[in-house]
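Read off the chains here:
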Amino acid sequence: MLKEVKKSLENSPIVKKGEYNYFVNPISDGVPAMEPKILNELTEVLEEKINSDVDKIVAIEAMGIHLATALSLKLNIPFVVIRKRQYGLEGEKIIHQQTGYGESDLYINDLKKGEKIILIDDVVSTGGTLISSLNALKEMEVDIVSAIAVIEKGDGKNIVEKETGVPILTIVKIDVVDGKVVIESTIED
């Protein structure tokens, strides 16, 4: 079922950012163009694997937004975005995140204690973004029904699960070997 997703990943160019092998893909970067078939495959797989009895889908800016949009349309559940911009709204939660290639602040709005959520992001590689986001969501006392990173690279998933105690659902596990993306496993294996 993940034929287009796999093809897209295997054709990803690799860019070095220091020692970090950064793969460029429509799922994680929006370039090259995102084919609707890819989003359809991802949302179909996620629809089968997640509990849709939730109040909101929460996306992490920027590359979680298109995934949350597609999932929101498929499941008819509203979504909010953890943003890189501060709004100063009542109840806004500030998160400091550190990843393998930078650090910044993120801001959570429009989530309330006890709300059931699905958190979705594009990639987990170092775990920095998901760890800080999940810890902040736990502090806000929302009910994290499911946490999803579409693409797993490296040890990030294990690091996040160990640091937060929250299981992470991933669709595709990849590695970069000799300048190419190699698919190690998928959720269907």
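Residues numbered from 1 in each chain as written. Predicted model: local features only at pLDDT ≥ 70, side-chain atom pairs only at ≥ 80, totals over all residues. Heavy atoms only, no water.

### With respect to the sheet that holds strand S10 (residues 180-186)
Two pairing modes exist for strands in a sheet, parallel and antiparallel, and in both the strands are linked by backbone hydrogen bonds. Strand order in the open sheet formed by 6 strands is S4-S3-S7-S8-S9-S10, and the pairing between neighbours is mixed. At either margin of the open sheet sits one strand with a lone partner, and together these are strand S4 (79-82) and S10. When the angles between neighbouring strand axes are averaged without regard to direction, this sheet yields 25°. With 4 bridges joining them, strand S3 (residues 56-60) and S4 adopt parallel strand pairing. Along S4, the bridge assignment pairs Val 58 with Val 80. Against the sheet, helix H4 (residues 65-75) makes contact with S3, S4, strand S7 (116-124) and strand S8 (143-153), and its axis sits at roughly 160° relative to S3, the strand it touches most. In the packing of helix H5 (residues 128-139) onto the sheet, contacts are made with S3, S4, S7, S8 and strand S9 (168-177), and the angle to S7 comes to roughly 170°. (Pairing = 2+ DSSP bridges. Helix = DSSP H or I, 4+ residues; strand = E, 2+ residues; numbered from the N terminus. Axes fitted to C-alpha atoms, helices over the stretch in contact; angles between N-to-C directions. Contact = heavy atoms within 4.5 Å.)

### Some thoughts on helix H6 (residues 156-164)
The α-helix winds at 3.6 residues per turn, so residues separated by three or four positions along the chain end up facing the same way. Taken as a whole, H6 has its buried residues at Gly 156, Lys 157, Val 160 and Thr 164. All buried residues of H6 lie within an arc of 100° about the axis, which places them on one face of the element. Turning to H6, the residues buried within the fold contact S7, H5, S8 and S9. Looking one or two residues past H6, Gly 165 carries a phi angle of roughly 75°, positive in sign. (Buried < 20%, exposed > 50% of the residue type's maximum accessible area, 1.4 Å probe, protein only. Arc of directions from axis to C-beta.)

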